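# Working through the structure, step by step
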Amino acid sequence: MKSFLVFFMVLSTLFLPMAQALVGLDGLESKLIEKNHELLSLKEQVEAKESLYSSAGSGFYPTINVAGGWVHNKTDDLAVAQKGSVAYIEGRYNIFNGLKDLSALNQKDADLKLAKIDLETKTLKLRLLLTETISDMIRLHRLQKILEEEFEITQTQKQMAAKKVSAGLTSSVDNLEFNLRESEILIERNQIEQLHNEVHQKLIVLYGEDISEVELDKITFSSLESLTTSSKNFKIENNPDYQKSELNLTKAELQKKEVRSEYFPKLDFTYSVGRLTPTENSPLKYNESKYGIILTFPLFSGFERYFKTKAAGIEVLAAEKLKFQKKNDVQADFNIFKNKMNELSKLFKINELKITNSQKYYDLTNAEYKRGVKNSPDLVGATERLFHSKKKKYEILKDLEILKVKIESL
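In this report, the structure presented in the accompanying data block is examined. Predicted model only: the values in this text are computed from it and were never measured.

### Comments concerning the overall build of the chain
- Helix and strand content of the chain: ten helices and four strands.
- The helix and strand sequence of the chain, counted from the amino end, reads α-α-α-β-β-α-α-α-α-α-β-β-α-α.
- For 410 residues, the compact-globule estimate of 2.2 N^0.38 gives 22 Å, and the C-alpha radius of gyration of the chain, at 37 Å, exceeds that figure by more than 25%.
- Seen along its three principal axes, the alpha-carbon backbone of the chain occupies a region of about 140 × 40 × 35 Å.
- Counting every position in the chain, which comprises 410 residues, the buried fraction comes to 37%.
- For the chain, the proportion of contacts with a sequence separation of at least 24, taken over those separated by at least 6, is 81%.
- Per element, the accessible surface of the chain, about 23,700 Å² overall, is 56% carbon and sulfur.
- In the chain, which carries 60 positive and 58 negative side-chain charges, the distance between the mean positions of the two groups comes to 3 Å.

### Focus on the nonpolar core
- Within the largest apolar cluster, 55 residues are counted, with the highest numbers of intra-cluster contacts made by Leu28, Ile134, Tyr207 and Leu400.
- Those elements that provide at least two residues to this core are α2 (26-35), α3 (37-56), α4 (100-166), α5 (173-207), α7 (224-227), α9 (304-371) and α10 (376-409).
- For this core, the leading source of residues is α4, giving 16 residues.
- Beyond its immediate sequence surroundings of up to four residues, Leu28 is in contact with Leu130, Ile134, Tyr207, Ile211, Glu215, Leu216 and Ile219.

### Section: the side chain of Asn97
- Tracing the backbone shows Asn97 in the loop between β2 (82-96) and α4.
- Take Asn97: its relative accessible area is 13%, and that puts it in the buried class.
- Those residues in contact with Asn97 that sit more than four places away from it in its chain are Ser261, Pro265 and Lys266.

### Side note on the sheet that holds strand β1 (residues 63-73)
- One open sheet holds the four strands; their spatial order is β1-β2-β3-β4, and the pairing between them is antiparallel. Looking at the sheet topology across the chains shown, the edges are occupied by β1 and β4 (288-296). With strand direction ignored, the average angle separating the axes of adjacent strands in the sheet is 25°.
- Pairing between strand β3 (residues 266-279) and β4: nine bridges, direction antiparallel. From the neighbouring strand, Phe269 faces β4, where its bridge partner is Ile293.

### A closer look at the environment of Gln325
- For Gln325, the location among the structural elements is in helix α9.
- The exposure class assigned to Gln325 is partly exposed, which follows from its relative accessible area of 40%.
- It is 9.3 Å that separates the C-alpha atoms of Gln325 and Tyr242, two residues lying 83 residues apart in sequence.

### A closer look at the side chain of Ser135
- Within the secondary structure, Ser135 sits in helix α4.
- What makes Ser135 buried here is its relative accessible area of 0%.
- If sequence neighbours within four positions are ignored, Ser135 has contacts with Leu22, Phe221, Lys398 and Glu401.

### A few points about the packing of α5 against α10
- Between α5 and α10, the least distance of the axes is 9 Å, while the angle of their chain directions is 20°. The orientation of α5 with respect to α10, classified from their angle, is roughly parallel. Every pair of crossing elements has a handedness; the one defined by α5 and α10 is right-handed. Facing Asp174, Glu177, Phe178, Arg181, Glu184 and Glu188 of α5, the residues of α10 in contact are Ser376, Pro377, Leu379, Val380, Glu384 and Lys391.
- A per-class count over the contact of α5 with α10 returns four nonpolar, one polar and seven charged.

### So, helix α8 (residues 240-260)
- Taking 1.5 Å of rise per residue, the 21 residues of α8 would be expected to cover 30 Å, and the 30 Å separating its terminal C-alpha atoms lies within 8% of that figure.
- Turning to α8, its buried residues number three or more, namely Pro240, Tyr242, Ser245, Leu247, Leu249, Lys251, Ala252, Leu254 and Val259.
- On its buried face, α8 is in contact with α4, α9 and α10.
- For α8, the N-terminal capping position is held by Asn239, with its side-chain oxygen 3.0 Å away from the main-chain nitrogen of Asp241.

### Re the pattern of salt bridges
- The tally for this structure, following the rule as stated, stands at 26 salt bridges.
- Between Lys113 and Asp109 there is a salt bridge; the shortest N-O distance is 3.4 Å. Within this pair, Lys113 and its partner Asp109 are both found in helix α4, separated by four residues, close to a single helical turn.
- One salt bridge connects Lys391 with Glu188, and the closest N-O pair in it is separated by 3.0 Å. Of this pair, Lys391 sits in helix α10 while Glu188 sits in helix α5, and the two are 203 residues apart along the sequence.
- Overlapping salt bridges bring together Glu150, Arg181, Glu184, Glu188, Glu384 and Lys391 as one network.

### Regarding the packing of aromatic side chains
- Considering all chains together, one arrives at seven aromatic pairs under this definition.
- Arranged with centres 6.2 Å apart and planes meeting at 75°, the rings of Phe178 and Tyr369 form a pair that is edge-to-face. Of this pair, Phe178 sits in helix α5 while Tyr369 sits in helix α9; the two residues are 191 residues apart in sequence, bridging distant segments of the chain.
- Its relative accessible area of 1% is what places Tyr369 among the buried residues.
- Above the plane of the ring of Phe151 lies Arg189, whose end atom (NZ or CZ) is 4.8 Å from the centre.

### Details of the pairing of β2
- As paired strands, β1 and β2 are joined by eleven bridges and run antiparallel to one another. When the bridges of β2 are listed, Val66 appears paired with Ile89.
- Across ten bridges, the pairing between β2 and β3 is antiparallel. Bridge pairing in β3 places Ser85 opposite Thr279.

Criteria and cut-off values
- In this convention, every chain numbers its residues from 1, walking through the sequence in written order.
- Owing to the predicted nature of the model, reporting of local features is limited to residues with pLDDT of at least 70; listing and counting of side-chain atom pairs is limited to 80 or more, with chain, interface and lining totals taken over all residues.
- For side-chain calculations, the full set of non-hydrogen atoms in the structure is used, while hydrogens and water are omitted.
- Only DSSP runs of H or I with at least four residues qualify as helices, and only runs of E with at least two residues qualify as strands; both kinds are numbered from the N terminus onward.
- Radius of gyration: C-alpha atoms only; globule rule: 2.2 Å multiplied by the number of residues to the exponent 0.38.
- Throughout, exposure labels follow a simple rule: accessible area from a 1.4 Å probe, protein chains only, divided by the maximum for the residue type, with under 20% read as buried, over 50% as exposed, and the rest as partly exposed.
- The contact rule is simple, with two residues in contact once any of their heavy atoms fall within 4.5 Å.
- Here the open area of atoms and residues is found with the Shrake-Rupley method and a 1.4 Å probe, where only the protein chains shown may cover a residue.
- Charged residues are defined narrowly, with Lys and Arg counted positive, Asp and Glu counted negative, and His plus the chain ends left uncounted.
- By convention, charge coordinates are those of NZ in Lys, CZ in Arg, CG in Asp, or CD in Glu.
- In these notes, a set of buried Ala, Val, Leu, Ile, Met, Phe, Trp, Tyr and Cys residues joined through side-chain atoms within 4.5 Å is what counts as a nonpolar core.
- Should DSSP find at least two bridges between two strands, the strands are taken to pair.
- All axes here are fitted lines through C-alpha atoms, helices being fitted over the stretch that makes contact, and every angle between N-to-C directions spans 0 to 180 degrees.
- Roughly parallel covers angles under 35 degrees, roughly antiparallel covers those over 145, roughly perpendicular covers 65 to 115, and oblique covers all other angles.
- Crossing chirality is assigned from the near helix's rotation relative to the far helix, an anticlockwise turn below a right angle marking it left-handed and a clockwise turn marking it right-handed.
- Gly falls in the polar group here, along with every residue not listed as nonpolar (Ala, Val, Leu, Ile, Met, Phe, Trp, Tyr, Cys, Pro) or charged (Asp, Glu, Lys, Arg).
- To estimate the expected span of a helix, subtract one from its residue number and multiply by 1.5 Å.
- Here a polar contact means two N or O atoms within 3.5 Å. Within protein one must be a hydrogen donor candidate and the other an acceptor candidate, and residues neighboring in sequence count only if both atoms are side-chain atoms.
- Whenever a carboxyl oxygen of Asp or Glu lies within 4 Å of a side-chain nitrogen of Lys or Arg, that contact is scored as a salt bridge.
- Geometry of aromatic contacts follows a simple scheme: Phe, Tyr and Trp rings, the Trp one being its six-membered ring, pair when their centres are within 6.5 Å, and the pair is stacked under 30 degrees between planes, edge-to-face over 60, tilted otherwise.
- The criterion for a charge sitting over a ring is simple: Lys NZ or Arg CZ within 6 Å of the ring centre, and within 35 degrees of the ring normal.

Take a look at the structure:
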């Protein structure tokens, strides 16, 4: 239980920098942390890497073994070969092995950090997916309301046209004009309903269950000012993908050092106590001991060290190139997203002005149609322009919400 609470707190902090986007999303974010099994799996992998990191430090401790068996020992100094049972406790402590243990420990530390970055990256990707899904849902809800308003206005316009036709003030073309527009609205309504159902299916994939409309209606788009204001300063060094490329380079360099350590001699201190001389006497007397410092020089390994060193060098060069490319990619993404954010911000302001002017144009056209100055295509065109601008507003807000999260994820 304690482990899960720590995990929940860590993931919650990952969401905090982006809390300004989509007002009211916090509850669904927390629910996603609890429900998503892939995040829980990555959390378990982090714990596994922590254990492996701890195990890598075992090379700095002495080893103790119990040995026993039957031995045949013959030397020039012995007239009769020694044979029989031996049993002893053996201890060994490595004094120097070319820093191989240190390289192995640092590699496990890099693996642990990589696992944590994978957890962070997956969290950010889920955050983006959640924002895309919920933003789309909010947009569809707004479009449904706009279409209802447009449908009601079209019904009013149909009734007005029918009166004018029956009075002989215009032809039956007006009736057809508004009937066609009504059909177009119904088609668009069905398309939105289909998209609405698809988004609910995406929510089921994310959570393993559907989210009620009541809960979804509590979430709204952020203000333009909030969306265009970054909550953190962009630094390439803080980007998870770039950090991952740095760690992969560090790990490659450590692997190279580990291979090179195999060229160095190995110095060990050994100590044994028990029955070291083979004997067939029974019972055995465990009254012997020996200790020493053993220096081992590696001479030939069938070219294994040579080819491993060559491969490690190539891995380092590849990791360096990948790090350089990742730096360029992250910087390019940031520049593209910021430019797009500025353009969408301008587009939103232009569209807001367009909504105001479209409303004025619609009101004037509607009044002139009643007086017979304008005809039905003029009124339909003014109506379409007004509602197209209203729909466009929420498309832009959706794009801004998604872009906001992408920028914050860099």
